[in-house]
Amino acid sequence: MPDDALEPTDRGAPLVATWTRWAVSAGALAVAFCGVVEGYIRFTHVDRTLASFATLIALVCVAEAVLVLAILRAEESRLARELRTARTGTAVLRGLVARRRQQTPFLARLFATKLGLAAVFLADGDREAGLDVLARGSPVMQGGRLQRLRAVVDADLERATGTSAGLARCIEELHGMEPIGNREADLYRMHVLVKALLEQGDAENAVEVLGTLEPSPDDERQLYVAWLRVWFDLDAEAADYRHNWPALPEGQLRMATLLARAHGAEKLVEKLEQRVSSIARPHHQE
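Residues numbered from 1 in each chain as written. Predicted model: local features only at pLDDT ≥ 70, side-chain atom pairs only at ≥ 80, totals over all residues. Heavy atoms only, no water.

A. Broad picture of the overall build of the protein chain. Within the protein chain one finds 13 helices and zero strands. Written out in order from the N terminus, the α and β elements of the protein chain read α-α-α-α-α-α-α-α-α-α-α-α-α. The 286 residues of the protein chain split such that 44% are buried. Long-range pairs, those at least 24 residues apart, make up 68% of the contacts in the protein chain with a sequence separation of at least 6. (Helix = DSSP H or I, 4+ residues; strand = E, 2+ residues; numbered from the N terminus. Buried < 20%, exposed > 50% of the residue type's maximum accessible area, 1.4 Å probe, protein only. Contact = heavy atoms within 4.5 Å.)

Below is the structure:
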């Protein structure tokens with residue numbers, strides 16, 4: 001099955017393959033090619049002008065514009081897969097993604113963003129590798145929604161420090177951030193924010209985040225609802241922040257357990273399994 005078969009149809013606004021980035025990149029390459037032709041004329045002293053190569057230049061510019069668009073769209077899909085792997089992939093899958101990225105062709109590397117790979121390394125707990133790949137990013141991959149995604153990755157770097165101050169900065173940065181507008185980027189932002197809330201033990205902000213997650217029809221966002229409600233025991237009768245939320249379905253809890261296990265969150269897995277057992281036990285007794 002091709003990778004795209006598992007990708008959601010509603011991806012939201014593009015991060016990489018924007019018309020502005022395509023026009024700027026294709027235009028820069030076209031100007032560079034014109035410079036090469038001009039250099040050839042001067043070096044060989046041929047009795048021709050740049051205008052005499054107009055047909056050749058036009059054909060090359062059209063070809064490279066199509067090629068750049070294809071590369072940007074491929075990078076868009078690759079970034080989405082990397083962000084999704086950082087959220088939901090196992091350690092084995094994250095390792096495969098990291099090795100695949102190192103095999104990217106040279107031309108594609110000029111238009112490659114390292115944000116997805118950094119997210120994968122951070123999900124593996126390798127902060128140093130994340131910092132290293134971010135330092136080697138392409139200058140073409142700057143600005144726009146990618147800059148806002150970079151802010152999310154930077155917040156994840158703060159979370160990965162494991163310090164109370166770093167977790168607090170991560171929560172402050174992501175809690176007040178407006179949606180990016182891209183599905184995978186926004187899910188990754190929520191993933192990092194929820195992990196920081198769990199690691200910091202911040203029940204107050206967790207309840208505020210739940211207020212935005214509970215009404216969402218998105219099944220993937222609902223997994224983080226299960227994480228927060230179960231970890232902080234927000235459904236308990238004596239909970240300080242208890243709300244009249246609907247009961248967590250068993251299927252949602254099981255999927256949330258699989259997601260937590262993929263990230264090695266054994267304590268969270270234990271609490272989720274206990275909640276599943278409390279639901280399944282009455283049916284078993286019947």
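Having seen it, we continue.
B. Broad picture of the environment of Y40. With respect to the helices, strands and loops of the structure, Y40 is situated in helix α1 (residues 19–44). With relative accessibility at 43%, the residue Y40 sits in the partly exposed group. For the pair formed by Y40 and L50, sequence separation is ten residues and the distance between their alpha carbons is 9.8 Å. With residues up to four places along the chain from it excluded, the contact list for Y40 reads H45, V46 and F53.

C. Structural detail: unusual backbone geometry. Positive phi values are uncommon outside glycine, yet H45 reaches one of about 60°. A relative accessible area of 68% places H45 in the exposed class.

D. Region of interest: helix α9 (residues 183–200). Compared with the 26 Å implied by 1.5 Å per residue over 18 residues, the 26 Å span of α9 between its first and last C-alpha is a close match. Most of α9 sits inside the fold, with 16 of its 18 residues counted as buried. Its side-chain oxygen 3.2 Å from the backbone nitrogen of E184, N182 forms the N-cap of α9. Immediately beyond the C-terminal end of α9, within one or two residues, lies G201, with a positive phi of roughly 70°. (Expected span 1.5 Å × (residues − 1). Polar contact = N/O pair within 3.5 Å; in protein donor to acceptor, adjacent residues only side chain to side chain.)

E. Region of interest: the packing of aromatic side chains. Here the structure, examined in full by the defined rule, presents three aromatic pairs. Pairing Y40 with F53 gives two aromatic rings, centres 6.4 Å apart and planes at 90°, and the pair type is edge-to-face. Here F53 lies in the loop between α1 and α2 (54–88) and Y40 lies in helix α1, a separation of 13 residues in the sequence. A cation sits over an aromatic face here: R48 above F53, 4.0 Å from the ring centre. Directly above the ring of W231 sits K271, whose terminal nitrogen or CZ lies 5.4 Å from the centroid. (Phe/Tyr/Trp six-rings, centres within 6.5 Å; stacked < 30°, edge-to-face > 60°. Lys NZ or Arg CZ within 6 Å of the ring centre and 35° of its normal.)

F. Summary view of the environment of Q142. With respect to the element layout, Q142 can be found in the loop between α6 (127–134) and α7 (144–160). The exposure class of Q142 is partly exposed, given its relative accessible area of 45%. Residues Q142 and V16, spaced 126 residues apart in sequence, show a C-alpha to C-alpha distance of 9.3 Å. Aside from chain neighbours lying at most four places away, what touches Q142 is R21 and Q147.

G. Region of the structure containing the pattern of salt bridges. Enumeration over the complete set of coordinates arrives at 20 salt bridges. For the salt bridge of E220 with R183, the shortest nitrogen-to-oxygen distance reads 2.7 Å. You can see E220 sitting in helix α11 (residues 219–231) and its partner R183 sitting in helix α9, a full 37 residues away along the chain. On the basis of relative accessible area, E220 is assigned to the partly exposed category, the value being 22%. For the salt bridge of E250 with R254, the shortest nitrogen-to-oxygen distance reads 2.7 Å. Residue E250 and its partner R254 are both found in helix α12 (residues 250–262); the two are separated by four residues, about one turn of the helix. We classify R254 as partly exposed; its relative accessible area is 44%. (Salt bridge = Lys/Arg side-chain N within 4 Å of Asp/Glu carboxyl O.)

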